[in-house]
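A closer look at the structure
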Amino acid sequence: MKFIRNHWYDMGVVVGIFTIIGTFIYWSEMDVLRRIAVLNFIVILWHMFEEYRLPGGEGAITNLAMQPSDKGQADRYPLNQNNAMWINVFAAYVLYLLPIIWPQLIWLSFMPIVFGLIQVLVHAIITPKKLHTWYSPGECAVVLGHLPLGIYWFYYTISNGLLNWMNVLGGIIYLVGFVIIGMKKIGYGALADPNSPYPFPEREFERSGYAARIRSLKK
């Protein structure tokens, strides 16, 4: 389990490569909605890799800048290796995979599409402003991946009469349910611990110098 906590985002790259190969092979057999769902799954894997490996630093950005807390040490609270893995792996391999299996359930696809668009605000506007920089880890994936896919998904579903208010309502309920239960109650609730035995290792927490940058901004 320790290996998975240290490398879940690296493992996602392997999954992403195989998914890209499979997508290339079966592209002509997939309808438009499934193609979008598959590409969105690939992008979320890229997004996570960008956040935690290259350039990385998301743990420090969350704990030192976005959600700082004096209840525990910054290398483990509120985000630690364990709940970071839970939130991201659950989101990627459940929320983003289900629309690939059932692409015609529009409310099911609505959730990850909108979640990706929300990430554009977080990574391209809110976080860079907080860090006093033009870039934050994950920004390339959201701007070059989630944003165009989200725009095209809405264009396709609306122009083909597939998106109605019931689907929007179902998707919003699904999104809110994930945020409240998956992230707040479990990720930042049950799995968040000021004395967590799963701190980010120094090499991960200090990756790409974001931790040092945030500390210098606070002086």
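Throughout what follows, the structure given in this document is the object of discussion.

Parameters and conventions
- Residues numbered from 1 in each chain as written.
- Predicted model: local features only at pLDDT ≥ 70, side-chain atom pairs only at ≥ 80, totals over all residues.
- Heavy atoms only, no water.
- Buried < 20%, exposed > 50% of the residue type's maximum accessible area, 1.4 Å probe, protein only.
- Helix = DSSP H or I, 4+ residues; strand = E, 2+ residues; numbered from the N terminus.
- Contact = heavy atoms within 4.5 Å.
- Axes fitted to C-alpha atoms, helices over the stretch in contact; angles between N-to-C directions.
- Parallel < 35°, antiparallel > 145°, perpendicular 65-115°, else oblique.
- Left-handed = near helix turned anticlockwise from the far one by under 90°.
- Nonpolar A, V, L, I, M, F, W, Y, C, P; charged D, E, K, R; others polar.
- Phe/Tyr/Trp six-rings, centres within 6.5 Å; stacked < 30°, edge-to-face > 60°.

**Examining helix 3 (residues 58–66)**
Along helix 3, 8 of the 9 residues are buried, which leaves the element largely enclosed by surrounding structure. Residues of helix 3 that are buried include every one of Glu 58, Gly 59, Ala 60, Ile 61, Thr 62, Asn 63, Leu 64 and Ala 65, and no others. Residues of helix 3 that are buried make contact with helix 2 (32–52), helix 6 (106–131), helix 8 (165–190), helix 9 (202–205) and helix 10 (210–218).

**A short note on the packing of helix 3 against helix 10**
Axis separation between helix 3 and helix 10 bottoms out at 9 Å; the angle between their running directions is 15°. Between helix 3 and helix 10, the angle falls in the class roughly parallel. Between helix 3 and helix 10 lies a crossing of right-handed hand. Contacts between helix 3 and helix 10 involve Ala 60, Ile 61, Leu 64 and Ala 65 on the former and, on the latter, Tyr 210, Ala 211, Ile 214, Arg 215 and Lys 218. Looking at side-chain class alone, the contact of helix 3 with helix 10 contains 7 nonpolar, no polar and 2 charged residues.

**Regarding the packing of aromatic side chains**
Enumeration according to the criterion identifies 15 aromatic pairs in this entry. Relative to Trp 153, the ring of Phe 110 has its centre 6.2 Å away and its plane inclined at 65°; by these criteria the two rings are edge-to-face. Of this pair, Phe 110 sits in helix 6 while Trp 153 sits in helix 7 (residues 139–159); the two residues are 43 residues apart in sequence, bridging distant segments of the chain. A single burial state applies to Phe 110 and to Trp 153, both of which are buried. Chaining the aromatic ring pairs together yields one cluster made of Trp 86, Phe 90, Phe 115 and Phe 178.

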